[in-house]
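These are the residues of each chain, in order.
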Amino acid sequence: MPPLKPFATAATTLRSRLTHSLRTRGGGGGPSRWTTPGHEERPKGFAFNRTPEPAGQSRKWEDWELPCYLTSFLTVVILGVGLSAKPDLTIETWAHHKALERLELEASQRADSD
């Protein structure tokens, strides 16, 4: 495993350049939300950083969830039906049909000559 000192140095340099560029562009004095470490010491340990609901209560859906889930479901259905019903346009299928037509033509010419 490579030593972590170069990574820490690079991170410090990048952080100082970001804060300097934000201050010189009129970003205001003081810390920015992009360069501060945050207000929590460590994650809560729950999925999506949400605390579970109290016992007996269900989670309320957010505004974006129903349209997103409906659109996703309908997309899967439309693609499933559409892709299963598409015509077979591969070169192998075309060549197979042409070969069958030629065999039928040869068989009918043999029958006519006999």
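Bear in mind that the values here come from a model prediction, so they are computed numbers and not experimental data.

1. Observations concerning the overall build of the protein
Tallying secondary structure elements over the protein gives 3 helices and 0 strands in all. Counting from the amino terminus, the protein carries its helices and strands in the arrangement α-α-α. Buried residues in the protein amount to 5% of all 114 residues. Carbon and sulfur atoms make up 63% of the accessible area of the protein, which totals about 11000 Å².

2. Quick word on the pattern of salt bridges
For the structure on display, the rule yields 2 salt bridges. R59 is paired through a salt bridge with E65; the nearest N and O atoms lie 2.9 Å apart. Its relative accessible area of 35% is what places R59 among the partly exposed residues. Exposure remark for E65: the relative accessible area of 3% places this residue in the buried category. Between E101 and K98 there is a salt bridge, and its shortest N-O distance comes to 3.8 Å. Of the two residues, E101 and K98 both sit in helix α3 (residues 91-113), 3 residues apart, roughly one turn of that helix.

3. A short note on the environment of R59
Following the sequence through the fold, R59 ends up in the loop between α1 (5-24) and α2 (65-84). R59 has contacts with R50, E53 and E65, leaving out every residue within four places of it along the chain. Here E65 takes part through its side chain, which lies 2.9 Å from a polar atom of the side chain of R59.

4. Brief notes about the packing of aromatic side chains
Under the definition given, this model contains 2 aromatic pairs. Each member of the aromatic cluster is reached from another via a ring pair, and the members are W61, W64 and Y69.

5. Observations concerning the confidence of the model for the protein
Summing up the model confidence of the protein, the mean pLDDT is 84 and the portion of residues at 70 or higher is 81%. The weakest mean pLDDT in the protein belongs to α1 at 77; the strongest belongs to α2 at 97.

6. Structural notes on the side chain of E65
Looking at where E65 falls in the secondary structure, it is placed in helix α2. Of note is the side chain of E65, whose polar atom sits 2.6 Å from the backbone nitrogen of E62. The contacts of E65, once residues within four sequence positions are left out, are R59 and K60.

7. What about a nonpolar patch on the surface?
A grouping of W61, W64, L66, Y69 and L70 is seen on the molecular surface, where their side chains present a nonpolar patch of about 570 Å² in accessible area. Position of L70 relative to the elements: it lies in helix α2. Look at L70 and you get partly exposed, because its relative accessible area is 46%.

About the thresholds
Residues numbered from 1 in each chain as written. Predicted model: local features only at pLDDT ≥ 70, side-chain atom pairs only at ≥ 80, totals over all residues. Heavy atoms only, no water. Helix = DSSP H or I, 4+ residues; strand = E, 2+ residues; numbered from the N terminus. Buried < 20%, exposed > 50% of the residue type's maximum accessible area, 1.4 Å probe, protein only. Areas by Shrake-Rupley, 256 points an atom, 1.4 Å probe, with all protein chains shown as cover. Salt bridge = Lys/Arg side-chain N within 4 Å of Asp/Glu carboxyl O. Contact = heavy atoms within 4.5 Å. Polar contact = N/O pair within 3.5 Å; in protein donor to acceptor, adjacent residues only side chain to side chain. Phe/Tyr/Trp six-rings, centres within 6.5 Å; stacked < 30°, edge-to-face > 60°. pLDDT = per-residue confidence, 0-100. Patch = residues over 30% accessible without salt bridge, like charges linked within 9 Å, V, L, I, M, F, W, Y side chains within 5 Å.

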